[in-house]
Amino acid sequence: KKLRWKKEAEDIMNNITNKVGIEQIKQEVERYCMDRGYKEVEAVYVFNAKPDIKVLYSVPFNLNYEKQYGPNQAISCSPFHRKLFLSCSVDGTIKMYDMNNHRAVASFEPSANEYLMDVCFSPFRPAVFAAIGTKGKPYIYDLTVCKQVPAYILEDSNEESQMSKHAGGVKISFSPRQRDFIAVGFMDGETKIYKLNYSLSNPKKNEINILNELLEEK
């Protein structure tokens, strides 16, 4: 007896890119349903039948990106542009990539002779990102100001900290809620919170266009 497929279950089948495996999965699902006395194929039964996962979820996208000259330490995807992501490396560079292009759309080197350990996009400013390296100074890029060098290098206002030799930085993160705070973790176990100025914390008009321009240049 032929089973009736509900629309949700049919939608799952229609999204399978491996057309050769569709009939195989369909038979497995219907056998699963008939063994249990089900008269209709619901979406959940498609998964409960445990078909070959490689057929059900074939790999839709596979692209290798231009290498950096050392181990990559961190990756950050833009929260504003679905195709852009950053990576930083111990070779001292930050690269910005378009997910659809293996070549980097931009490269940044905030400081000479420094391992970069972390990089992250701002959750509030599309054209702003930050990086930290073994010299322990947070680098803030604002692409509306300059596309080559950091717009700001954050310094510690504490005189005692300035006089002492700072351990290298390992992690940097914008606060997801408090738009003018950024946190940095250091190799010696210390964590510091820096307060950002107004221009770094508040979006500028049409700044997403800066990111689009970088893509168009490539």
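These remarks concern the structure in this document. Because the structure is a prediction, the values reported are computed rather than measured. (Residues numbered from 1 in each chain as written. Predicted model: local features only at pLDDT ≥ 70, side-chain atom pairs only at ≥ 80, totals over all residues. Heavy atoms only, no water.)

Let's talk about unusual backbone geometry
Put simply, the test is: The numbering of helices and of strands both runs from the N terminus, where a helix is a DSSP run of H or I of at least 4 residues and a strand a run of E of at least 2. Relative accessibility thresholds used throughout: buried, under 20% of the residue-type maximum; exposed, over 50%; partly exposed, between the two (1.4 Å probe, protein chains only).
Phi is positive for Lys50, which is not a glycine, with a value near 55 degrees. Turning to its location among the elements, Lys50 is positioned in the loop between helix 3 (43–48) and helix 4 (53–56). Unlike most non-glycine residues, Asn206 shows phi in positive territory, near 60 degrees. Mapped onto the elements, Asn206 comes out in the loop between helix 6 (198–201) and helix 7 (208–217). Residue class for Asn206 comes out partly exposed when judged on its relative accessible area of 49%.

Notes on helix 1 (residues 7–14)
This is how it is decided: Read the arc as the range of directions from the helix axis to the C-beta atoms.
Listed as buried for helix 1 are Ala9, Ile12 and Met13. What you see down the axis of helix 1 is that its buried residues fit within an arc of 95 degrees, all on one side. Exposed and oriented more than 90 degrees from the buried face of helix 1 are Lys7 and Asn14.

Description of the sheet that holds strand 13 (residues 191–195)
Quick note on the threshold: We call two strands paired when DSSP finds no fewer than two bridges between them. Throughout, an axis means a line fitted to C-alpha atoms (over the contacting stretch in the case of helices), and angles, computed between N-to-C directions, take values from 0 to 180 degrees.
The three strands are arranged 11-12-13 in an open sheet whose pairing can be described as antiparallel. Each edge of the open sheet carries a strand with a single partner, namely strand 11 (169–174) and strand 13. Neighbour to neighbour, the strand axes of the sheet diverge by 20 degrees on average, direction disregarded. Judged from the five bridges that link them, strand 12 (residues 181–186) and strand 13 form a sheet pairing that is antiparallel. Residue pairing in the sheet places Ile182 in a bridge with Tyr194 of strand 13.

Concerning a nonpolar patch on the surface
Put simply, the test is: Every patch collects residues that have over 30% relative accessible area and no salt bridge, joining them within 9 Å if they carry like charges and within 5 Å if they are nonpolar side chains (Val, Leu, Ile, Met, Phe, Trp, Tyr). For accessible areas, the Shrake-Rupley method is used with a probe of radius 1.4 Å. Any residue's cover is judged against the shown protein chains and nothing else. Just to be clear on terms, a salt bridge is a Lys or Arg side-chain nitrogen sitting within 4 Å of an Asp or Glu carboxyl oxygen.
Judged by side-chain polarity, Phe47, Ile53 and Tyr57 come together as a nonpolar surface patch covering roughly 330 Å² of accessible area. The class for Phe47 is partly exposed, based on a relative accessible area of 36%.

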